[in-house]
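Commentary on secondary and tertiary structure
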Amino acid sequence: MSWMAQLYQTYENCVDMDLPIEQRVMPICHTPQQVHIHVSIDDQANFISAEVLEKFSIVLPATESSASRSSGVAPHALADKLQYVAADFEHHSTGRKPFFSAYSQQLAAWCESEYAHPKVQLIYRYLTANNLIADLIKHGVCWVDENNKFLEAWDQDATGRDTVPPIFKVLTKTQGVIDQGNALVCWSVLLPGDPQNKTWEDESIRESWIRFDLSNAGEAKFCYITGTNKPAGKNHPAKIRYGSDKAKLISSNDNSGFTYRGRFVDPQQAATVSFEVSQKAHNALRWLIDRQGSKGRNGEQVVLAWSTTGVPVPNPIVDPAEWGDELSPNGAEVSVADSEIPDYGRNFAFYPAQALKRKIQGFAEQLHINDSINILVLDSATPGRMAVSVYLNFLRDDYFESLENWQTHFCWWQRLSAEKQDKNRRLYYQRWRVEAPSIWKIAEATFGEAVKNNDKLKRAVVERLLPSILLNRNIPDDIYQRCIQRACQRSGKEPWEWERDLGVACALFSGFHHPGRQIKPERQRTYTMALDTNYTSRDYLYGRLLAVGELIETWSNEAMWIPARTTHVSRLFQRFSDRPADTWLAITKSIEPYRQRLKSKKNKDNKDSDITERALDQIYSLFQPNEFNSNMKLSAEFLLGYHCQRLALDEEREERGAKAKAGNDIDTEDEEISTEGDAA
């Protein structure tokens, strides 16, 4: 259980962090709970006021049993449901048993111990000497019928009131009725000169309960985490991922099933975790999940990345563009200025790679070289059981080296979604960003729409790709092959969707063959995102031809003001990858009218024909005759050639258009000056 030891160490390091009280790690012997009624009493244990709270959660004192209760009688220490805290509950409830006896006995033991707290003693005096529900009814918080029993629904006709009382809005229905006995009550004690009236925010009450609860812990046994003899934990906490989460990481209270029967006589024979360690480790886990928000969530699956010192670290499944927004230590966001884009030169990944290194360095500088970084993936197969499906532990430099290797080896142009275009950049750069594809993009490019509503498939993809990112392992072959196959299947997709699949496929192919990955030396090659005009691979050259053929048709239609439509190349994409020589012959025949249109006198000022004809001649000259005439199936390398050639021609066309526009502006200025001279 090294992951639990790491969580325990995290708690010890972070419990005293200077944070707002609502952001601190939860103390042991406490549990989070949503409350519904807030009752205030004075220094004489007299009722003052009560109010209904809407969607309000607190951290309340709890026992080991009550923190994980799902059935049976297990009272919380101070704040609890009316069924527990109200002495007059049985007078107003229909058919439900009161649990005040168990609650009051436990509260009395605390109040009579050496760890007693004066505010808690006042609450105990009020509950034993007064009728709580009667006070709540009197002040319009709870509602009863003519028989003095709790109303189970609000009937406007019967009551003569149009406004529904707040208590009926905050409680959820069970089998069609509302049970007011489920309302959880929290307390405020108003003492003269005391600025902290709320008991759930009073640090002295928290410390009082912790000392009392630990003093009543069970028999000391060997703790497998600390290696010392401490009171053993029996009922380990739930509510790990969210408030109503019933799944547990450690469960041994099923002595009638097969949790441990057949192998052990009692659960402690399997492994023993002390009560204190279990509480601290689970509280640290809750704190980490809440702190990282929704970035590491995938339905019921949670992916955590944390350091034991509490310093934020980037999550491997989160897009690097969002690292600065969520967890950057200095809060600085690294962005690419529009003026710096043309400085990429032949290596388009240079600037993004440098930006990523600076961002990673910003995280690493906050950590010591020997600090431990952990990756933990939690998932629950059933509502009551949770599993650690992936656990990895790294030293600082190893972890950040793994992230940097992934972002470097699998770096490629990635298509942004239609909604995420950058409006401040030139057209060529609006739709693309240089980075390694995220796990979610790989999943969508591999399985398409099927993955969006399939949580099980999403979770499987995360668990299978994490080792590829963090342990330098190859992409699983089925994911790799399916992603390449879908990139070749162009029909039936939105243009941006297919371009996303193309960018992911190019990234996986180039990363798979990178010299730093685990493949045979003869298959290793470093691909650049800039067009390599000296590379003579047959597959790469055929991909370049395909891009030129498509742009000839597209640009010709634009010149004639013909609306955008599906090109011949897009319809023959899959066939081209299977039989390139025959398919290219069919493509050349189909695009010949478009070539002539670009060369026509009407388009003499348009230099698109010069760009495409020069590209075709240059590509043809690099082919070997026997390779050009071969119909052997193309590898995914043709996708790289296609992508690089298309982006290069688009860029050349934009630059030429920008220069032409600048020249026209200069000519216009000269004409204006000349006109002014003639007038003079």
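Residues numbered from 1 in each chain as written. Predicted model: local features only at pLDDT ≥ 70, side-chain atom pairs only at ≥ 80, totals over all residues. Heavy atoms only, no water.

**A word on helix 1 (residues 2–14)**
The end-to-end C-alpha distance of helix 1, which contains 13 residues, comes to 18 Å, matching closely the 18 Å that a straight helix rising 1.5 Å per residue would cover. Those residues of helix 1 that fall on the buried side of the exposure criterion are Trp3, Met4, Gln6, Leu7, Tyr8, Thr10, Tyr11 and Cys14. Taken together, the buried residues of helix 1 touch strand 6 (229–231), helix 10 (275–291), strand 8 (301–307), strand 9 (372–382) and strand 10 (385–395). (Helix = DSSP H or I, 4+ residues; strand = E, 2+ residues; numbered from the N terminus. Expected span 1.5 Å × (residues − 1). Buried < 20%, exposed > 50% of the residue type's maximum accessible area, 1.4 Å probe, protein only. Contact = heavy atoms within 4.5 Å.)

**Some details on the sheet that holds strand 10**
Taking strand neighbours across the sheet as the criterion, the 4 strands line up as 7-8-9-10 in an open arrangement whose pairing is antiparallel. Looking at which strands have only one partner, the edges of the open sheet turn out to be strand 7 (297–298) and strand 10. The pairing of strand 7 with strand 8 spans 2 bridges and is classified as antiparallel. The residue bridging Arg297 from the neighbouring strand is Val302, located in strand 8. Of the strands in this sheet, strand 8, strand 9 and strand 10 touch helix 13 (residues 396–409), which is tilted by about 100° from strand 10. (Pairing = 2+ DSSP bridges. Axes fitted to C-alpha atoms, helices over the stretch in contact; angles between N-to-C directions.)

**Structural notes on the packing of aromatic side chains**
The relative placement of two aromatic rings is captured by the distance of their centres and the angle of their planes. Overall, the coordinates contain 28 aromatic pairs when judged by the stated rule. Aromatic pair Trp406 and Phe410: ring centres 4.2 Å apart, planes at 25°, arrangement stacked. Judged by relative accessible area, which is 1%, Phe410 ranks as buried. Measuring from centroid to centroid gives 4.7 Å for Tyr480 and Phe512, while their planes differ by 20°, and the two rings are stacked. In this pair, Tyr480 sits in helix 17 (residues 477–488) while Phe512 sits in helix 18 (residues 495–512), placing the two residues 32 residues apart along the sequence. Across the pair, exposure class does not vary: Tyr480 and Phe512 are buried alike. Each member of the aromatic cluster is reached from another via a ring pair, and the members are Trp498, Tyr542, Phe573, Phe576, Tyr620, Phe623, Phe628, Phe638 and Tyr642. Positioned above the aromatic ring of Trp498, the side-chain terminus of Arg490 is 4.0 Å from the ring centre. (Phe/Tyr/Trp six-rings, centres within 6.5 Å; stacked < 30°, edge-to-face > 60°. Lys NZ or Arg CZ within 6 Å of the ring centre and 35° of its normal.)

**Details of the confidence of the model for the protein**
On average, the protein scores 85 in pLDDT, and the residues at 70 or more come to 87%. Across residues 326–347, where pLDDT falls below 50, the model places 36 contacts with residues more than four positions away in sequence or in other chains. Below pLDDT 50 for its whole length, residues 671–680 participates in 0 contacts with residues either more than four positions away or in separate chains. (pLDDT = per-residue confidence, 0-100.)

**Quick notes on unusual backbone geometry**
Its identity as a non-glycine residue notwithstanding, Gln175 has a phi of 55°, on the positive side. Structurally, Gln175 can be placed in the loop between helix 8 (167–170) and strand 4 (184–190). The backbone of Asn472 sits at a positive phi, close to 60°, despite the residue not being glycine. With respect to the helices, strands and loops of the structure, Asn472 is situated in the loop between helix 16 (455–470) and helix 17. Accessibility expressed as a relative area gives 23% for Asn472, which makes it partly exposed.

**Quick look at the environment of Trp498**
Within the secondary structure layout, Trp498 lies in helix 18. Overall, the relative accessible area of 3% leaves Trp498 in the buried class. In this structure the C-alpha to C-alpha distance between Trp498 and Ala487, which are 11 residues apart in sequence, comes to 6.8 Å. One polar contact links the side chain of Trp498 to the main-chain carbonyl oxygen of Ala487, over a distance of 2.8 Å. (Polar contact = N/O pair within 3.5 Å; in protein donor to acceptor, adjacent residues only side chain to side chain.)

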